[in-house]
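# What the coordinates show
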Amino acid sequence: KNQVEQSPQSLIILEGKNCTLQCNYTVSPFSNLRWYKQDTGRGPVSLTIMTFSENTKSNGRYTATLDADTKQSSLHITASQLSDSASYICVVSEGTGNNRKLIWGLGTSLAVNP
Amino acid sequence: EAQVTQNPRYLITVTGKKLTVTCSQNMNHEYMSWYRQDPGLGLRQIYYSMNVEVTDKGDVPEGYKVSRKEKRNFPLILESPSPNQTSLYFCASSLGLLNSPLHFGNGTRLTVT
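Residues numbered from 1 in each chain as written. Chains lettered and ligands numbered in written order. Predicted model: local features only at pLDDT ≥ 70, side-chain atom pairs only at ≥ 80, totals over all residues. Heavy atoms only, no water.

## Regarding the overall build of chain A
A tally of regular secondary structure across chain A gives zero helices and 11 strands. The order of helices and strands in chain A, counted from the N terminus, is β-β-β-β-β-β-β-β-β-β-β. For 114 residues, the compact-globule estimate of 2.2 N^0.38 gives 13 Å, and the C-alpha radius of gyration of chain A, at 14 Å, lies within 12% of that figure. Projecting the C-alpha coordinates of chain A onto the three principal axes gives extents of approximately 45 × 30 × 20 Å. Looking at chain A as a whole, 46% of its 114 residues are labelled buried. Considering only intrachain contacts with a sequence separation of at least 6, the fraction spanning at least 24 residues in chain A is 56%. In the form shown here, chain A has an accessible surface area of approximately 5,500 Å², with 47% of it arising from carbon and sulfur atoms. Chain A carries 10 positive and 8 negative side-chain charges, and their two centres are separated by 5 Å. (Helix = DSSP H or I, 4+ residues; strand = E, 2+ residues; numbered from the N terminus. Rg over C-alpha atoms; globule rule 2.2 N^0.38 Å. Buried < 20%, exposed > 50% of the residue type's maximum accessible area, 1.4 Å probe, protein only. Contact = heavy atoms within 4.5 Å. Areas by Shrake-Rupley, 256 points an atom, 1.4 Å probe, with all protein chains shown as cover. Lys, Arg positive; Asp, Glu negative; His and termini not counted. Charge placed at Lys NZ, Arg CZ, Asp CG, Glu CD.)

Written out as structure tokens, the structure is:
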């Protein structure tokens, strides 16, 4: 069964600190892996999309890694800010050609405290 | 401004009263989709459309209908809403599912009493 599992479920850090969120997946065939940020009550916003051949991708203070062999991804947030408080969702695209499906994780809820 | 617009933002209705949630995008995207989000269950896909006049069921299509008569619009229809359809709904669009991100609307919070 295709699944995306994220850990931890929730995380509290102090402003200015770094943190790393984890995503493990069992999706085949793999197409790409995405990270989204979702503020409470708002629609998710895309942070990054990684294909099979990409190991690392950055978007400002967000850096995503992908290990396609172990089927693991991480999202590292550097020098956290209060505005980073949100849910971070890992999504894996499975399938090929026009027959693709997005498999959504349940997200990691991050709280950045002053 | 490139965006996905959903209306209404909040909706309270009663069981059995037909309703429509509108979704419009101005990015000329071919792919559009509806999701519902419930605590502990994450985002679940209701219906999606690869292009005009092409719609397909997602993971939780029961009780919902959609149409795609024009590229920019993808309304979600609840013919006879029930309390278990109380949820936060999101419309999303994308150039495609290859390597393009989904752009989400701001959501519609629906309560069915």
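## So, the interface of chain B and chain A
Taken together, the contact between chain B and chain A spans 20 residues of the former and 20 residues of the latter. Between chain B and chain A, a total of about 1,600 Å² is buried, with carbon and sulfur atoms accounting for 53% of that surface. Of all residues in chain B, the largest losses of buried area upon contact with chain A belong to Leu43, Leu97 and Asn99 of chain B, amounting jointly to 29% of the total for that side. Linking chain B to chain A there are one salt bridge. Asp59 of chain B is the partner of Lys101 of chain A in a salt bridge, and the nearest nitrogen-oxygen pair spans 2.6 Å. Between chain B and chain A we count seven residue pairs in polar contact (both at pLDDT 80 or more) in total. Within the residue set of the side of chain B that touches chain A, elements represented by two or more residues are β4 (31-38), β5 (42-51) and β9 (87-94) of chain B. Broken down by element, the residue count for the side of chain B that touches chain A peaks at three residues, all from β5 of chain B. (Buried area = accessible area lost by both parts, 1.4 Å probe. Salt bridge = Lys/Arg side-chain N within 4 Å of Asp/Glu carboxyl O. Polar contact = N/O pair within 3.5 Å; in protein donor to acceptor, adjacent residues only side chain to side chain.)

## A few points about the sheet that holds strand β3 (residues 19-25) of chain B
All names here are of chain B. Spatial ordering of the open sheet is given by β1-β3-β8-β7, a layout of four strands whose pairing is antiparallel. The sheet is open, and its two edges are formed by β1 (4-7) and β7 (65-66), each paired on a single side. Relative to strand β8 (residues 76-78), β7 runs antiparallel, the two being bridged by two bridges. Residue pairing across strands places Lys65 opposite Ile77, the latter belonging to β8. (Pairing = 2+ DSSP bridges.)

## Details of unusual backbone geometry
Cis peptide bonds are those with omega within 30 degrees of zero, and the linkage from Ser7 of chain A to Pro8 of chain A qualifies with -10°. Along the chain, Ser28 of chain A connects to Pro29 of chain A via a cis peptide bond; the corresponding omega equals -5°. Tracing the backbone shows Pro29 of chain A in the loop between β3 (19-26) and β4 (30-38). Here the phi dihedral of Asn28 of chain B falls at roughly 60°; this positive angle occurs in a residue that is not glycine. Mapping Asn28 of chain B onto the fold places it in the loop between β3 and β4. Positive phi, close to 65°, is recorded for Glu53 of chain B, a residue that is not glycine. Among the structural elements, Glu53 of chain B can be located in the loop between β5 and β6 (54-57).

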